[in-house]
Structure formats: C-alpha cells, structure tokens
Amino acid sequence: MPPPTVTPRRGRPTHRRPVRTMLVWCPDWPVVAAGIVDGVPVHAPVAVLHANRVTACSPAARAEGVVPGLRRREAQSRCPDLLVVPADPGRDAGAFEPVVAAVEQVAAGVEVLRPGACALAARGPARYFGGEERAAERIVEHIAQECEVEAQVGIADGVFA
C-alpha cells in the first residue's frame, strides 16, 4: 500500500490508487528499425552491436544461441551466418515515430519511454473500447495494420509494474 498523503483541507490521510497503465512494446526494436530503415532482413540471424557487444538480436539469432550481452566474437562463433548491424539510436527513434503516431490515433497521452516502448493511461481506451483487454487488442491490431510491425501490450498499476 502506498504511503498516506495528507490532504490540504482536512489533514486526514488519503491513499492514492496507482494509475492503470498500458505499455506498448515492440520486441527486438533495434533489429526491426534496421530492417525498416536499412533494409536488413529481419527474419535472418541479425545482431545489433554497441561497443562490441550484442544489444539486440532477431529470433533467428536467438535460436542459434545469440543473446544480448555477448561479445561480437562469441556471437559470431555461435552463429557463423550472423549479420552484424551497428547500433544507431537515431535510426531506432526515427523508425519508432510512425508506431507512436499509430498508437495516438487510437488513444491519447502516449509517452515514449525509449524507442520500441511507449506508455499511456489505460482508463480512456479501456472505457472507449469496452475493457482493457479489448483496448490492448485494438492497439496491437492498429499498429500491425498501419506500420506492419509486431507489438505487444502489457497492463499494470503504473509504468514500472
């Protein structure tokens, strides 16, 4: 339970309920962004590297044993066909803008947490679409339709839950 806060008028403690939040997440976003901007084949084994370490990888690369945190040489020894792409935060952010715009077409108040993830209050979309689950489904469908990108939605009490 959150700590009590004091109301200015009466001095009685009140408890604020956490805000239900929807988190829209696009898995492996740096790989997807490289596919959108640079034409990298995202269904092939791909790894995005920063400072000679894997920061993101495609599902095909993970199937070969490549995981974030590996050094380049170790990743390439596990998957000889690995396509290595340098990290580019500008590319990731620019490619994520259409996804954010698609979410904003369905719901207001979108906050970008990082490229590949954004958050919004669940109350409005849940009321409009008839529940949190329906709102989440609608957002995922709209992103897939508008941007041809896979997305997932999680709903919890607050962003960090």
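Scroll up a little and you will see the structure.
Not measured: the values here are computed from a predicted model.

Q: Just checking my understanding: could you explain the side chain of Ser58 for this structure?
A: Checked against the element boundaries, Ser58 lands in the loop between strand E5 (53-57) and helix H2 (59-63). Looking at Ser58, its side chain comes within polar contact range of the main-chain oxygen of Ala44, at 2.8 Å. Setting aside chain neighbours within four positions, we find Ser58 in contact with Val31, Val42, Ala44, Pro45 and Val46.

Q: Explanation requested: a nonpolar patch on the surface in the structure shown.
A: A grouping of Leu23, Trp25, Leu113, Val159 and Phe160 is seen on the molecular surface, where their side chains present a nonpolar patch of about 500 Å² in accessible area. Since its relative accessible area comes to 31%, Leu23 is described here as partly exposed.

Q: Looking at this structure, how should I read the packing of helix H4 (residues 89-106) against helix H6 (residues 132-147)?
A: Helix-helix packing: each pair is described by the crossing angle between the helix axes and the interaxial distance. It is at 9 Å that the axes of H4 and H6 come closest, and there the two elements cross at 135°. Considering their axes alone, H4 and H6 lie oblique with respect to each other. In the crossing of H4 with H6, the sense of the turn from one axis to the other is right-handed. In this structure, H4 uses Pro98, Val99, Ala102, Val103, Gln105 and Val106 to contact H6, whose residues at the interface are Arg138, Ile139, His142, Ile143, Glu146 and Cys147. Grouping the amino acids of the contact of H4 with H6 by side-chain chemistry returns eight nonpolar, two polar and two charged.

Q: Just checking my understanding: could you explain the sheet that holds E5 for this structure?
A: Sheet strands associate in pairs through backbone hydrogen bonding, adopting either a parallel or an antiparallel arrangement. Strand order in the open sheet made by the three strands is E5-E4-E6, with mixed pairing throughout. The sheet is open, and its two borders are formed by E5 and strand E6 (83-86), each paired with just one other strand. Taken pair by pair, the neighbouring strands of this sheet meet at an average axis angle of 40°, ignoring direction.

Q: Help me understand the sheet that holds strand E9 (residues 152-157), please; the structure alone is not making it clear to me.
A: If you walk across this open sheet you meet the four strands as E7-E8-E3-E9, and the pairing is antiparallel. Looking at the sheet topology across the chains shown, the edges are occupied by strand E7 (111-114) and E9. The average undirected angle you get between the axes of adjacent strands in this sheet is 25°. Sitting on the sheet, H6 is in contact with strand E3 (20-25), strand E8 (117-121) and E9, with an inclination near 25° to E3.

Q: Explain the pattern of salt bridges to me, please; I cannot follow it from the model alone.
A: It is possible for side chains bearing opposite charge to pair when their charged atoms get close. Here the structure, examined in full by the defined rule, presents six salt bridges. Asp157 is the partner of Arg20 in a salt bridge, and the nearest nitrogen-oxygen pair spans 3.1 Å. Linking Arg20 in strand E3 with Asp157 in strand E9, this pair joins segments that are 137 residues apart in sequence. Residue classification places Asp157 among the partly exposed residues on the basis of a relative accessible area of 41%. Among the salt bridges present, the one from Arg62 reaches Asp28, with a minimum N-O distance of 2.9 Å. One end of the pair, Arg62, is in helix H2; the other, Asp28, is in the loop between E3 and helix H1 (29-38), and 34 residues separate them in sequence. Taken together, the shared-partner salt bridges in this structure form one network comprising Arg20, Glu132 and Asp157.

Q: I keep staring at the packing of aromatic side chains and nothing clicks. Help me out?
A: Pairs of aromatic rings are described using the distance from one ring centre to the other and the angle between the two planes. Tallied over the full model, the rule gives two aromatic pairs. The interplanar angle of 70° and the centroid separation of 5.3 Å between the aromatic rings of Trp29 and Phe96 together place this pair among those described as edge-to-face. Of this pair, Trp29 sits in helix H1 while Phe96 sits in helix H4, and the two are 67 residues apart along the sequence. The residues Trp29 and Phe96 share a single accessibility class, namely buried. Between Tyr128 and Phe129 the ring centres are 5.0 Å apart and the planes differ by 90°, which places this aromatic pair in the edge-to-face class. According to the relative accessible area criterion, Tyr128 is exposed, its value standing at 69%.

Reading the values: rules and limits
- Residues numbered from 1 in each chain as written.
- Predicted model: local features only at pLDDT ≥ 70, side-chain atom pairs only at ≥ 80, totals over all residues.
- Heavy atoms only, no water.
- Helix = DSSP H or I, 4+ residues; strand = E, 2+ residues; numbered from the N terminus.
- Polar contact = N/O pair within 3.5 Å; in protein donor to acceptor, adjacent residues only side chain to side chain.
- Contact = heavy atoms within 4.5 Å.
- Patch = residues over 30% accessible without salt bridge, like charges linked within 9 Å, V, L, I, M, F, W, Y side chains within 5 Å.
- Areas by Shrake-Rupley, 256 points an atom, 1.4 Å probe, with all protein chains shown as cover.
- Salt bridge = Lys/Arg side-chain N within 4 Å of Asp/Glu carboxyl O.
- Buried < 20%, exposed > 50% of the residue type's maximum accessible area, 1.4 Å probe, protein only.
- Axes fitted to C-alpha atoms, helices over the stretch in contact; angles between N-to-C directions.
- Parallel < 35°, antiparallel > 145°, perpendicular 65-115°, else oblique.
- Left-handed = near helix turned anticlockwise from the far one by under 90°.
- Nonpolar A, V, L, I, M, F, W, Y, C, P; charged D, E, K, R; others polar.
- Pairing = 2+ DSSP bridges.
- Phe/Tyr/Trp six-rings, centres within 6.5 Å; stacked < 30°, edge-to-face > 60°.

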